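# Coordinate analysis (summary)
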Amino acid sequence: MWPDPEWRTGEPDLVLAMEEPFAIPATGPDIYRYFVIPFELFEERAVSAIEFQPGDERVVHHANIFVDYSGRARRADARDDEPGFSVFGTGSFFDYSGEAETWGIGGWTPGVDPYALPDNHAMWLPAGAGDIVFEIHYHLNGKATEDRSRIGLTFTDEPVAHWVDGLVIGTQQLAIPPESDTYWRHVRMEVPAALTLVDIMPHMHYLGAEAKAIATLPDGTQIPLVHVEEWDLRWQNIYFFREPVRLPAGSTIDGWIRFDNTSTNPYNPTLPPKTVTWGWGSDEEMMEFWISFVLDDWRERDRVINASWETWSGNPRWDGTIPDLADLNQP
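Thresholds, definitions, all that
Residues numbered from 1 in each chain as written. Predicted model: local features only at pLDDT ≥ 70, side-chain atom pairs only at ≥ 80, totals over all residues. Heavy atoms only, no water. Salt bridge = Lys/Arg side-chain N within 4 Å of Asp/Glu carboxyl O. Helix = DSSP H or I, 4+ residues; strand = E, 2+ residues; numbered from the N terminus. Buried < 20%, exposed > 50% of the residue type's maximum accessible area, 1.4 Å probe, protein only. Contact = heavy atoms within 4.5 Å. Phe/Tyr/Trp six-rings, centres within 6.5 Å; stacked < 30°, edge-to-face > 60°.

Once that is clear, we can look at the pattern of salt bridges. For the structure shown, the criterion picks out 12 salt bridges. Close ionic contact of aspartate 113 with arginine 8 constitutes a salt bridge, the shortest N to O distance being 2.9 Å. Taken together, the positions of aspartate 113 in the loop between β6 (102–108) and β7 (115–116) and arginine 8 in the segment before β1 (14–17) put the pair 105 residues apart, joining distant regions of the chain. With relative accessibility at 38%, the residue aspartate 113 sits in the partly exposed group. We note a salt bridge from glutamate 210 to arginine 258, for which the minimum N-O separation is 3.1 Å. In this pair, glutamate 210 is assigned in strand β17 (residues 208–216) and arginine 258 in strand β20 (residues 252–259), connecting sequence segments 48 residues apart. Exposure class is identical for glutamate 210 and arginine 258. Each is buried.

Residue position: asparagine 141 is located in the loop between β9 (128–138) and β10 (145–147). On the basis of relative accessible area, asparagine 141 is assigned to the partly exposed category, the value being 39%. Expressed as a C-alpha distance, the spacing of asparagine 141 and glutamate 229, which sit 88 residues apart in the sequence, is 28 Å. Discounting residues that sit within four places of it in the chain, asparagine 141 has contacts with Ala26, Arg58 and Val59.

Attention now moves to the side chain of threonine 196. Locating threonine 196 in the fold gives a position in strand β16 (residues 195–203). The buried category is assigned to threonine 196, whose relative accessible area is 17%. Look past the residues within four positions of threonine 196 in its chain and what remains in contact with it is Pro244, Val245, Arg246, Ser292, Phe293 and Val294.

All right, on to the packing of aromatic side chains then. Counted by the stated rule, this structure contains 11 aromatic pairs. A ring pair is formed by tyrosine 183 and phenylalanine 259, whose centres lie 6.3 Å apart and whose planes are at 50 degrees; its orientation type is tilted. In this pair, tyrosine 183 sits in strand β15 (residues 183–190) while phenylalanine 259 sits in strand β20, placing the two residues 76 residues apart along the sequence. A residue is classified by how much of its surface remains accessible, and tyrosine 183, at 15% relative accessible area, is buried. Classification of phenylalanine 259 as buried rests on a relative accessible area of 0%. Grouped by ring-pair contacts, the aromatic residues Phe22, Phe35 and Tyr138 constitute a single cluster.

Interpretation in functional terms is not warranted from these geometric data alone.
In structure tokens:
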């Protein structure tokens, strides 16, 4: 059989698609919906690459991808007569923390490359019956359509030296004033256990303008992690480090994002501009950094995940200084 030319990472070992198309109207508010795709593994597998393909990328604003071995998503789907189910406006169905036998394994945004891990790195999938769950944000574009997105997973049989996990840091405390292009928000994570960073991805919406992140070691050494100088919602990507960034316990990760809520921002969804706060809609905003990492000791995982969640509970003290990453060593 010839490989599918549409798969950029080559023919996947496992392809899973939404069980039926989801109809999207021409107009109306944004739609957040979860789609449950059953699968079964007869032995545990190491995932080396993930490629998500939106059925209609013109309306898929972004997607998050989970595995669920708890059956929670399947039960919620059974209670909804339409394909999938929705919790829009009530918060995410999953907590992103890996508890209750559910955890995130990736995502998709416009312009992103397929997620292919470096040699000797992989994500773990246990044996058994489970579900892949797509969390998809649809932004309607004036034309009725259907979406039937799919995902391809590539497994490796090579020995895995580094098992990769993920976290997200950020804040919901946003109040972006109209006609401002100098509104910055800052987030800080205290790193409680030794780990190594593999990649990083900032995320915001149409008002996003610039993103920076650095790591600071216990001895004060600062390492730049990412600097997106001109943010474009249509061309987001995951940034792999040339060399993995090792952070001992006691390090910190700081991130800054600038927003442009002016009339001259050609992507501003609201004219004249108004104060914009955090929200799921494309006319609202987000301030996030998604980070993949490898722990020295996996018994420390809960401490690290909890530290990432603490960034969402408040704002760290910040003197207003924006670092110049050009002065720091590149990883």
